[in-house]
Amino acid sequence: MYLFVVLGLFILQKAAAIIVPVEQGLLEGEQKWTITGNTLYNSFKGIPYAAPPTGELRFKAPQPALNWEGVRNATEHGSFCPQVDQLTNKFLPGSEDCLFLNVYTPNINTDDSLKPVMVFIHGGSYAFGSGNDENYASDYLIDKNVVVVTLNYRLDSLGFLCLDTKEVPGNAGLKDQVAALKWVQKNIENFGGDSNQVTIFGQSAGAVSCFLHALSPMSKGLFHRVIAMSGVPISDFSVEFESKRRAMVLGKSLGIETTNTTAFLELLQDLPAKKLIGTNPSVIAIEEYINLVMKLYFVPVVEKDYGQERFLIDQPDVLLRNGRMHDVDVLLGYASAEGIVGIFMYEKAPTIENYERFREALVPRNILYQSKPTITVELGDLIKEHYSGSEPLSLKTMPQFVNFTSHMFTYGVLRFAKHLSNAAIDNIYLYQFSCMSERNILSQQGTKYGINGVSHNDDLMYVFNPIQYNLPMNKSAPSYKMIENTCTLLTNFAKYGNPTPDSSLGVEWPKYTAETETFMDIGEELTIDTKPRACMMDFWQRIYERADIPF
């Protein structure tokens, strides 16, 4: 009898361990083992962190999450946001009621110490993706004894429409992220997380978002470290242009003729979400060719001051130069061959041929939008000649075109690293990611063209367990060592502000400065080097100098 009583108490304790109170009510999660079998952890999915941004709240800043009665089931993800997946070109309806986050935490009862928290912001051109475990199961990070949070935020025009009004000044999707970070501050200790040791990390548009939070007055004090993978605020895919005009072009394409912003907003709020997603609101003709590869229209904006709480009060590089970045540690880097990600799109005729015909489409957006046509045509010729010489751009020059598209990611990261150092940001670590194994799903596109290297997105395969790909996990395989090294570096940085605080990885990663330009190559081995992509950087600096724009 005594044995049964003890067993019953044990079962109740185990059940109680996964009932967690938060500000809105009680959550019931579930216990799982990580894919490695190393860690028993608690999983809480589909937690609302803001009110559904529907009806009159569409396009507007998020409102506080609603309370619930009783115990809320937290074993399944909440809805993802409406989107067109640009990798498949499929409309995914999701739901506008999509502001959910997920918390994964090592067994709360193992000890009393609070654990570092890592909040992941997904990428996807501000237009697609979610924080769900289809791509971002956090097993490998949890094995390193951290709490992981993933989240959804509004996408495309629903998250980034700007009308230049107090009601819709832009950046609703970024303000969603702020709401999620505030939720973490208020609630994460109940999951065993330390609210005073929060690292935000993201990839691509998610990485840009992380840096924008480090520059935003709305986000000050909500986190302490930043990890940015393949994205910075000056990345080509994050340049805004004529945001209000773009919104009006969208409306006109949907049959809205009024120029009264109040009436315009009401009409947009009455439309089905599907009509607002995956649209083509180009405001100048060349955007038809710039956007052949990725549909990049609705992005973060500098907000005009209408008395509202503004997320972004000036251009990121201006804020950085003026010392407006928060006191945070920074780890940033890029994949070795980012541009491979788009080969399946480059292959669609006449994509590459259009870049040959309209060479100004090769010019970075921040130059293109500011410069005279005579300058952009000249720069387009210089860029084309640099990458393919006298041979016309076509499928035959795929390796050269991929090299160009890779550099459009890479030089921005390296350029921004220098900006950070010159702005007296003290604790900076720079990396190049070059791990290659069976986990490199997108990188395989380069094989038939003889292109080697890590594609944009494939670095994530060594940080997360993307369930949709059903990748094998073999602790004896070289890829597992790469996973271990990568996750150890990231979680060390989250814990200590230093990715190599001891000698356990057999290498010391020195800080980056604009003078030394030291970086780590994260590959099958971990190696230290300096002056990454020096020839590439020299070329792009000359391009900016010719455009009379600071590099």
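Residues numbered from 1 in each chain as written. Predicted model: local features only at pLDDT ≥ 70, side-chain atom pairs only at ≥ 80, totals over all residues. Heavy atoms only, no water.

As annotated in an unreviewed UniProt entry, the protein carries the name Carboxylic ester hydrolase and is attributed to Pararge aegeria aegeria. UniProt annotates the protein under Sequence similarities (unreviewed entry) with the comment "Belongs to the type-B carboxylesterase/lipase family." (UniProt positions renumbered as here; feature names shortened; annotations may be inferred.)

In this structure, Val-103, Phe-191, Phe-211, Met-325, Leu-332, Leu-420 and Trp-540 are the most contacted members of the largest nonpolar core, which totals 130 residues. Sorting elements by how many residues they give to this core places helix α15 (residues 398-422) first, with 12 residues. The next biggest cluster of nonpolar side chains, apart from the first, holds 38 residues, and it includes Phe-201, Ala-335, Tyr-431 and Cys-487. (Core = buried A, V, L, I, M, F, W, Y, C linked by side-chain atoms within 4.5 Å. Buried < 20%, exposed > 50% of the residue type's maximum accessible area, 1.4 Å probe, protein only. Helix = DSSP H or I, 4+ residues; strand = E, 2+ residues; numbered from the N terminus.)

We now examine the environment of Ile-18. Of note, Ile-18 is situated in the loop between α1 (2-17) and β1 (19-22). Separated by 26 residues in sequence, Ile-18 and Phe-44 place their C-alpha atoms 8.5 Å apart. With residues near it in sequence (within four places) discarded, Ile-18 still touches Leu-27, Glu-28, Gly-29, Glu-30, Gln-31, Asn-42 and Phe-44. (Contact = heavy atoms within 4.5 Å.)

Turning to the environment of Leu-442, a few remarks are in order. For Leu-442, the location among the structural elements is in the loop between β14 (428-433) and α16 (478-496). The exposure class assigned to Leu-442 is buried, which follows from its relative accessible area of 14%. Along the primary structure Leu-442 and Leu-215 are separated by 227 residues, whereas in three dimensions their C-alpha atoms are 32 Å apart. Once residues within four sequence positions are removed from consideration, Leu-442 is found in contact with Ile-340, Val-341, Ser-455, His-456, Asn-457 and Asp-458.

A few words now on the sheet that holds strand β11 (residues 193-203). Pairing within the open sheet is mixed, and its 11 strands lie in the order β3-β4-β8-β10-β9-β11-β12-β13-β14-β15-β16. If you trace the sheet from one side to the other, it starts and ends with β3 (30-33) and β16 (526-530), each paired once. For this sheet the average axis-to-axis angle between neighbouring strands, irrespective of direction, equals 25°. In terms of strand pairing, β11 meets strand β12 (residues 225-229) through 5 bridges, oriented parallel. If you follow Ile-200 over to β12, its bridge partner there is Val-226. Along the sheet, α16 makes contact with β9 (115-121), β11, β12, β13 (329-335), β14, β15 (518-522) and β16, crossing β12 at roughly 150°. (Pairing = 2+ DSSP bridges. Axes fitted to C-alpha atoms, helices over the stretch in contact; angles between N-to-C directions.)

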